[in-house]
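Understanding the architecture of this molecule
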Amino acid sequence: MIIFAETKHNNKQMNKLIAPSILAADFANLQRDIEMVNNSEADWFHIDIMDGVFVPNISFGMPVLKAISKHATKTIDVHLMIVDPDRYIKTFAELGANILTVHYEACTHLHRTIQAIKAAGMKAGVALNPHTPIAVLEDVIADLDLVCIMSVNPGFGGQSFIENTYKKVAQLKHLIEFSESNCQIEIDGGVTDQNANALVEAGADVLVAGSFVFKSENPTATIANLKAL
Ligand code: DX5
Ligand code: ZN
């Protein structure tokens, strides 16, 4: 039984997905950094869209996403940190987003927003700020493809990981199992080789990593290391 448990655990570790956050890429060499991700062991592109209203920072918008889509050969995971995301759902589908994640805190009619994302042909995700409890998702968890637990306050790359995240991952895992949902758990913010294993052990499926990948000496090797942990 112990051997079986260990095998299961190792498979789980092997299967975790790595999503480099393009926010930390070199925008003057964007195509080079996109090709690096294409040719690495990364699974997804994580694309952070910030409007300067929902978060105190502006990242980039549609023309840049269009340029990324042109070169990216892997799943495009778009994280919207914007107010009133409903206005742009169709646009993001047209720009090549495969997964569209909106913030719980930005959606008055979250159920409707989730259905609209799916109707536009994308997978639907919801992100939770560090102060937002998992329990708010109880009535939509069955409809979701992804929950993004923010492990920093959204708006900036390079912040420190908030330790309370582990508890939330475990709570979300429990909710997903209880509701027999196929939803994946994504962790976003401050992910490094120091917390990756513990996050996967708590139930995380997808690890977003920005600074840890792009500010490292060899981003391709850093991605491979995270994947292999
Ligand atoms: C933060 C963004 C993150 C960010 C992660 O608001 O949603 O995706 O790029 O960057 P690191 O890994 O540097 O914390
Ligand atoms: Zn993000």
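This one's a predicted model, so the numbers in the text were calculated from it and none came from an experiment. Residue numbers here run from 1 along each chain, matching the order of that chain's written sequence. Numbering of ligands from 1 and lettering of chains from A proceed in the order in which they are written. Restriction of local features to residues with pLDDT of at least 70 applies here, the model being predicted, together with a cutoff of 80 or more for giving and counting side-chain atom pairs; totals for whole chains, interfaces and linings are based on all residues. As a rule here, side-chain values cover all heavy atoms of the structure and leave hydrogens and water aside.

In an ideal tetrahedron of four donors about a metal, each angle is 109.5 degrees. In an ideal octahedron of six donors, the angles are 90 or 180 degrees. In this listing, donors mean N, O and S atoms no farther than 2.8 Å from the metal, or 3.2 Å for Na, K and Ca; water is missing from the atoms, so a site can look incomplete. Binding of the zinc ion (ligand 2) to the protein goes through His 46 (NE2), Asp 48 (OD), His 79 (ND1) and Asp 188 (OD), at separations of 2.0 to 2.3 Å. Classification of the site at the zinc ion (ligand 2) as octahedral follows from its six donor atoms and the range of 70 to 170° in their angles at the metal. The sequence pattern formed by the donor residues of the zinc ion (ligand 2) is H-x1-D-x30-H-x108-D. According to the relative accessible area criterion, His 46 is buried, its value standing at 0%. For four-coordinate sites, all angles between 85 and 135 degrees define a tetrahedron; for four- and six-coordinate sites, opposite donors beyond 155 degrees with the remaining angles between 65 and 115 define square planar and octahedral shapes respectively, and all other cases count as irregular. Only protein chains enter the area calculation, which uses a 1.4 Å probe; residues under 20% of their type maximum are buried, those over 50% are exposed, and those in between are partly exposed.

As a further point, take the confidence of the model for the chain. Detailed reading of the predicted model is not advised wherever pLDDT is low. Per residue, pLDDT captures the predictor's confidence, and it can take any value from 0 to 100. For the chain, per-residue confidence averages 95 on the pLDDT scale, and residues scoring 70 or more make up 94% of the total. Contacts of residues 1-12 to residues separated by more than four positions or lying in other chains number six contacts, the stretch itself having pLDDT below 50. Only heavy atoms matter for contacts: two residues are in contact if any of them lie within 4.5 Å across the pair.

For the rest of this paragraph, the subject is the site of ligand 1. The environment of ligand 1 is formed by 20 residues, the closest being Asp 48, Gly 155, Asp 188, Gly 210 and Ser 211. Under the rule applied, a polar contact is a pair of N or O atoms within 3.5 Å (in protein, one hydrogen donor and one hydrogen acceptor; residues adjacent in sequence only if both atoms are side-chain atoms). Between ligand 1 and the protein, one listed contact pairs an oxygen atom with a backbone N or O atom of Gly 155 at 2.8 Å. Between an oxygen atom of ligand 1 and a side-chain N or O atom of Asp 188, the distance comes to 2.6 Å. The protein chains shown are the only cover counted for residues, whose accessible areas, like all others here, come from Shrake-Rupley with a 1.4 Å probe. Against a free-state accessible area of 380 Å², the protein chains account for coverage of 99% of ligand 1. Breaking the shell around ligand 1 down by element, the ones donating at least two residues are strand S2 (44-50), strand S3 (75-81) and strand S8 (206-209). Working definition: residue near molecule or strand if any one of its non-hydrogen atoms lies within 4 Å of it. Here a helix means four or more residues in a row that DSSP labels H or I, a strand means two or more in a row labelled E, and each is numbered from the N terminus.

Right, let's talk about the nonpolar core for a bit. In terms of nonpolar packing, the biggest core is built from 60 residues, with Ile 47, Val 78 and Ile 187 touching the most fellow members. Not counting residues up to four positions away in its chain, the partners in contact with Val 78 are Ile 47, Ile 49, Leu 65, Phe 92, Ala 97, Ile 99, Leu 100 and Thr 101. For this analysis, a nonpolar core means a set of buried residues of the types Ala, Val, Leu, Ile, Met, Phe, Trp, Tyr and Cys, connected via side-chain atoms within 4.5 Å. In terms of nonpolar packing, the next biggest core, distinct from the first, is built from seven residues, Leu 17, Ala 19, Trp 44 and Val 206 among them.

A pair of aromatic rings is counted whenever rings of Phe, Tyr or Trp (Trp by its six-membered ring) have centres within 6.5 Å, and the orientation is called stacked for planes under 30 degrees apart, edge-to-face for over 60 and tilted otherwise. Scanning all chains against the criterion turns up two aromatic pairs. Taken together, a centroid distance of 5.7 Å and an interplanar angle of 90° make the contact between Phe 27 and Phe 60 edge-to-face. With Phe 27 in the loop between strand S1 (17-20) and helix H2 (30-38) and Phe 60 in the loop between S2 and helix H3 (62-71), the pair connects residues that are 33 residues apart, well separated along the chain. Overall, Phe 60 belongs to the buried group, its relative accessible area being 9%.

Taken together, eight strands build an open sheet; the order of strands is S1-S8-S7-S6-S5-S4-S3-S2 and the sheet is parallel. What marks the edges here is a single partner per strand, and that holds for S1 and S2. Within the sheet, the average angular offset between the axes of one strand and its neighbour, ignoring direction, is 25°. Each of S1 and S8 is contacted by helix H9 (residues 219-228), which is oriented at about 150° to S1, the strand it contacts most. When DSSP locates at least two bridges between a pair of strands, those strands are taken to pair. Helix axes are fitted only over the stretch in contact, all axes being lines through C-alpha atoms; the angle between N-to-C directions runs from 0 to 180 degrees.

Here we come to the pairing of strand S7 (residues 184-188). The element S7 is extensively covered by neighbouring structure, given that four of its five residues are classed as buried. Between strand S6 (residues 146-150) and its parallel partner S7, the chain crosses via helix H6 (residues 165-178), and the hand of that crossover is right-handed. Of the strand pairs in this sheet, S7 and S8 are connected by three bridges, and their pairing is parallel. Bridging from a neighbouring strand, Asp 188 pairs with Val 208 of S8. Where the polypeptide runs from S7 across helix H7 (residues 196-202) and back to S8, its parallel neighbour, the crossover connection is right-handed. When the strands point away from the viewer, a crossover counts as right-handed if the route from the first strand across the helix to the second turns clockwise.

A separate point is the packing of H2 against H3. Look at H2 against H3: their axes get within 9 Å of each other, and the N-to-C directions meet at 45°. On the basis of the axis angle, H2 is oblique to H3. Judged by the twist between their axes, the crossing of H2 over H3 is right-handed. For the pair formed by H2 and H3, the contact residues are Leu 30, Gln 31, Ile 34, Glu 35 and Asn 38 on the first element and Val 64, Ile 68 and His 71 on the second. Tallied by class, the residues present in the contact of H2 with H3 amount to four nonpolar, three polar and one charged. Our angle categories are set so that under 35 degrees counts as roughly parallel, over 145 as roughly antiparallel, 65 to 115 as roughly perpendicular, and the remainder as oblique. Crossing chirality is assigned from the near helix's rotation relative to the far helix, an anticlockwise turn below a right angle marking it left-handed and a clockwise turn marking it right-handed. Classification used: nonpolar for Ala, Val, Leu, Ile, Met, Phe, Trp, Tyr, Cys and Pro, charged for Asp, Glu, Lys and Arg, polar for all others including Gly.

We now examine the pattern of salt bridges. The term salt bridge refers to a side-chain nitrogen of Lys or Arg lying within 4 Å of a carboxyl oxygen of Asp or Glu. Tallied over the entire structure, the rule returns four salt bridges. Asp 26 is paired through a salt bridge with Arg 32; the nearest N and O atoms lie 3.7 Å apart. Here Asp 43 ties to Lys 227 by a salt bridge, and the two come within 2.8 Å at their closest N and O atoms. On the criterion of sequence distance, the pair formed by Asp 43 in the loop between H2 and S2 and Lys 227 in helix H9 is long-range, its members being 184 residues apart. Assessed through its relative accessible area of 14%, Lys 227 is described here as buried. Overlapping salt bridges bring together Asp 26, Arg 32 and Asp 33 as one network.

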